[in-house]
Every structure is written in structure tokens, then in C-alpha cells.
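Below, each chain spelled out in residue letters.
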There are 2 protein chains.
Amino acid sequence: MNHLYVVGIGPGRTEQMTLEARQVLDSCDLIVGYTVYADLLREAFPHKEFLVTPMRQEVDRCRMALKAASGGRQVAVVCSGDAGVYGMAGLILELAVDYPDCQVQVVAGVTAALSGAALLGAPLTHDFAVVSLSDLLTPWEKIEKRLRLGAAADFVICIYNPSSRKRADYLARACRVLLEELEESRVCGVAGRIGRQGENVQVVTLGELEHMQVDMFTTVFVGNSQTRIIDGRMVTPRGYRL
Amino acid sequence: MNHLYVVGIGPGRTEQMTLEARQVLDSCDLIVGYTVYADLLREAFPHKEFLVTPMRQEVDRCRMALKAASGGRQVAVVCSGDAGVYGMAGLILELAVDYPDCQVQVVAGVTAALSGAALLGAPLTHDFAVVSLSDLLTPWEKIEKRLRLGAAADFVICIYNPSSRKRADYLARACRVLLEELEESRVCGVAGRIGRQGENVQVVTLGELEHMQVDMFTTVFVGNSQTRIIDGRMVTPRGYRL
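I will try to describe carefully the structure that is included in this document. A quick note: this is a predicted structure, and the numbers were derived from the prediction, not measured. (Residues numbered from 1 in each chain as written. Chains lettered and ligands numbered in written order. Predicted model: local features only at pLDDT ≥ 70, side-chain atom pairs only at ≥ 80, totals over all residues. Heavy atoms only, no water.)

### Section: the pairing of strand S1 (residues 2-8) of chain B
All names here are of chain B.
- Where burial is concerned, most of S1 is hidden: 5 out of the 7 residues are buried.
- Summarising the sheet, S1 and strand S5 (residues 102-107) pair through 6 bridges and their orientation is parallel. Bridge pairing links Leu4 to Val104 in S5.
- When S1 meets strand S4 (residues 75-79), the two strands line up parallel, connected through 5 bridges. Pairing of Val7 across the sheet is with Val78, part of S4. (Buried < 20%, exposed > 50% of the residue type's maximum accessible area, 1.4 Å probe, protein only. Helix = DSSP H or I, 4+ residues; strand = E, 2+ residues; numbered from the N terminus. Pairing = 2+ DSSP bridges.)

The structure is reproduced here in C-alpha cells:
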């Protein structure tokens, strides 16, 4: 049986990868991924063969990986963060039905909700929801409904893909939806380029967030009703009696 | 300035820890944690001093760690999974205001939502919510509301702490709440003792889940309207055209 690994490499720095991910990549002879993520790995794995394809060619990329694995190569498809959270694990498993000689193994990684939270403080110590603002594959109405219900449920909300060149105003639109449910002073956090050059965090209010410009390498956190700023960090208390 | 590290050690096996977590633990001379998690680490770090306290003594445990760090020791507070997701990072940051000479650094780890998802397949490739059924610190009405709104929003729902000795029927109660919104055939997944001896996964329906007995080391996944079983794996398609 041939093996295909789908590996979450964490946010950026090699140290933020799990030992398991590292071992799998060490054992593979072909690493397949989106250009930006492959570039993060070239330095740590200088002798590996890389197969990179640009964004929006996910289906082709996954088929190439399955074909190579099916042909007997040791292949890892890499995803930034986790392999499953908006990652390639689902697509690979969907396509793998055409390659019955391939066994797919998913290797988890630290997704941006966790790495961004660690930089900001501790926003996710209570129930939370993760919502992507990308409407390439999801109708905007559905995204809006999830934001609205997530806020009504008093979840901490972690927002992925808050912006892109074509969607420069999406974060502002999301904030306006949230402001129908939540107060302007709600504590929010922004984590940019986590684990990469230019890493940055900011703690702001929801009112301020509406007017911020962020790029596509940013993860946004909207606190729940209990979230506070403690010594400049964003903290959602779990509720222990101190 | 003294440093206190709050470290997520992943689900269980040492390889599921990040390299950063490993390096931090290597550099510390005191590791503080709940008995079960400390036991997972003793083998990998045989020469370290451990300070363990049982469950429900979280505030004392964190104060001891802060005091030791404030006294100049290199201290790591360890949490299973991630340091922030229902972990100690929030409590440490709350208590750290009394120890202004201590700088707290949070080191993220792979939480059970991610490690469980990887074992089951790819349930979390779309927007999801994480809800704990523990009502020690959260009123049950709030938990129920979050389940209800999470289901209405068509989130994949990942359930932590589905059971304990005193709360043997909580998962069944949660299922009955979800069944008001969702059909009995909704695809669900159960991941038990992830990364530890006795690791197990099962893909079931929501109707079957209602009648399952699970222990406290179990993480439960309730699919969204698109979640399917593919070759025995639980997969939430992201929506790519194949």
C-alpha cells in the first residue's frame, strides 16, 4: 500500500511544526504545496524535491500528489497551519477514492487560531467559532449568518481570510454584521504574519477593527462578552474564582 | 525579567508536540501540571523536576508556578492539547498581574479538535465551533444555547469534555438539543484517547451518538449539512469542483 501524507506545517517557523510533521517530511521524497508554503520549507529541507502550484489550482495539485504517491513515491502535501482546518485534507480524501492503492494519513498542525491566540494572550479559553470570510466557495449570506449566530451565542469568533486584493472591504462588512449584535467596545485582537517576518499583534475594539486594513496573512479574534484586556493581552477568562 | 511559559503539549505522544514546546521544556528546570499530563511527559523528560496537583486545583497550581518563576526558576506550566483552548494560559495571565516581574509566554499546541479531526479524516475543513460540555464554570443553559445556535448556523461542532463521572448523561443531553435542529442521520465522529494507549475513532450518526457511552478523554465531532462518509472517513467538503 502506498502512503500519501497531508501535513500541517504550523504558522511559519520550523519550530512551530510538530516533531511528527518534521519526521514525515524528512522521510518523503516529494513535497507538494502552494508556492508560499513551499517557500517556508525549502530552507529546512534543502535536498527535497518540491512540486508547487499557485493558488486556485488546489484540485490539480492534489491529483498530482495522489498520482505520484500511487506511482510509489513518498509524498507529502503540505498546508500552512493545520492539514484539516481550511486545508487540503478534505479535498485529498475526496479525490483519493480514485486511487484505492493510496492510504491517506493526515498529520495535524498548529492552526492560526491557536498560534495567533498564543501571541495575543489567551482569547480562546472558552467556547469559540472559526469563520472564514472567503466567499470563493461559500455564499456571503451563509458567512454573514454564521457571524450573526456566532455573536448571538456569545462565542469568541476567530476570523480566517479576513481580506484579499479582491475582497478589501470584507472585514469591515463582517464587523458591521457583528456590530448589530455586539457593542463597539468589544475587545478584539489582530495577529498578522504569525511565525514569519513581520509578525505583529494588536489589541483593538470592534469599532476600531471596522476601520482597519489587514492583509490576507492576518487572523482576527472577536472576544466574547467576558473577554478583557489584561496588561495589554487579550484574555477570555475561563471563569475560575481567584 | 523572569519568564513563565505556558506550553501546550499536544494530545499525548511526544512527537505530537511542536519543536518549540520541546525546546522550552528542555530549557526549564520545573514543569508544573495536572497529574495526567505530567505523567505523559516524565518519560521524555526524566531528569526534570515536576510539580503536580490534581484536577480542580488550577488556581493554586498556577499561583505556585508564578511564585516559582518569580523566584528566578525557569518554569513551564503544561496543558494537554493547546495552552489556550480550555487551557491554563488565561488563568495564568489573570493571576500574573500580581507578579509584575514575570513575563508570561504562551506556546501553542495541537488541540484535540485538530488531532481528533486528523484521525477521523477531515471534518473541520469548513467553519466550525468548539463547545465544552463541562458546566463546572459555565451554566448548562449557555452551553445548550451555543449548541442550538451552532447547529442553526450549520457549523461543524466539536465537543470537548463530553462526559465525566458526575456528568455521564451530558453527551446524550447535548445530542437531544442538537436533534431539535439536525436530522438523526447527521454524520458524527468520536475520537478517544488521542495519541495515547487505546486511541480509537468511530464514525456514527447523531442518532447513534445519543446512545453512546464515552469517557472524559473523548472528543466528539458533529458534521455540518455537507459532511459525508468517504471510505470510512468523516469528511466535510470545502466545496471545490472536482
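### Digging into the relation of the copies chain B and chain A
- Once turned by 180° and shifted 0.0 Å along the axis, chain B lies on chain A with an RMSD of 0.0 Å. Such a combination of rotation and displacement between the chain copies is what one expects of a two-fold axis.
- Here 100% of the interface residues in chain B have copies in chain A that are interface residues too; the copies meet face to matching face. (Least-squares fit on C-alpha atoms with pLDDT ≥ 70 in both. Contact = heavy atoms within 4.5 Å.)

### A closer look at the interface of chain B and chain A
- Residue-level contacts link 70 residues of chain B with 70 residues of chain A.
- Carbon and sulfur atoms make up 63% of the surface buried where chain B meets chain A, a total of about 6100 Å² over both sides.
- Of all residues in chain B, the largest losses of buried area upon contact with chain A belong to Glu94, Arg146 and Tyr240 of chain B, amounting jointly to 12% of the total for that side.
- Taken together, the links from chain B to chain A amount to 10 salt bridges.
- Between Glu20 of chain B and Arg13 of chain A there is a salt bridge whose closest N-O contact spans 3.5 Å.
- Linking chain B with chain A are 28 residue pairs in polar contact (both at pLDDT 80 or more).
- The greatest single-element share of the side of chain B that touches chain A, amounting to 6 residues, is contributed by helix H4 (residues 89-95) of chain B. (Buried area = accessible area lost by both parts, 1.4 Å probe. Salt bridge = Lys/Arg side-chain N within 4 Å of Asp/Glu carboxyl O. Polar contact = N/O pair within 3.5 Å; in protein donor to acceptor, adjacent residues only side chain to side chain.)

### With respect to the packing of helix H6 (residues 140-152) of chain B against helix H7 (residues 170-179) of chain B
Residue and element names in this part refer to chain B.
- Contact geometry for H6 and H7: axes closest at 9 Å, N-to-C directions at 45°. Here H6 is positioned oblique relative to H7, judged by the angle of their axes. Of the two elements, H6 crosses H7, and the hand of that crossing is right-handed. Residues Trp140, Glu144, Leu147, Arg148 and Ala151 of H6 touch H7, and the partners they reach there are Tyr170, Arg173, Ala174, Val177 and Leu178.
- Here the residues of the contact of H6 with H7 sort into 7 nonpolar, no polar and 3 charged. (Axes fitted to C-alpha atoms, helices over the stretch in contact; angles between N-to-C directions. Parallel < 35°, antiparallel > 145°, perpendicular 65-115°, else oblique. Left-handed = near helix turned anticlockwise from the far one by under 90°. Nonpolar A, V, L, I, M, F, W, Y, C, P; charged D, E, K, R; others polar.)

### Quick word on the pattern of salt bridges
- Under the counting rule described, the total for this entry stands at 32 salt bridges over all chains.
- Across the pair Asp154 of chain A and Arg146 of chain B runs a salt bridge, and its minimum N-O distance is 3.7 Å. Here Asp154 of chain A, found in the loop between helix H6 (140-152) and strand S8 (156-160), pairs with Arg146 of chain B, found in helix H6, and the two come from separate chains. Across the pair, exposure class does not vary: Asp154 of chain A and Arg146 of chain B are buried alike.
- Residue Glu210 of chain A is joined to Arg176 of chain A by a salt bridge in which the shortest nitrogen-to-oxygen separation is 3.4 Å. One end of the pair, Glu210 of chain A, is in the loop between helix H8 (206-209) and strand S11 (218-222); the other, Arg176 of chain A, is in helix H7 (residues 170-179), with 34 residues separating them in the sequence.
- For Glu210 of chain A, a relative accessible area of 17% corresponds to the buried category.
- On the basis of relative accessibility, which here comes to 43%, the residue Arg176 of chain A falls in the partly exposed class.

### A short note on the packing of aromatic side chains
- Within this structure, the stated rule accounts for 6 aromatic pairs over all chains.
- When the ring centre of Phe155 of chain A is taken as origin, the NZ or CZ atom of Arg146 of chain B, which lies over that ring, is 5.8 Å away. (Phe/Tyr/Trp six-rings, centres within 6.5 Å; stacked < 30°, edge-to-face > 60°. Lys NZ or Arg CZ within 6 Å of the ring centre and 35° of its normal.)

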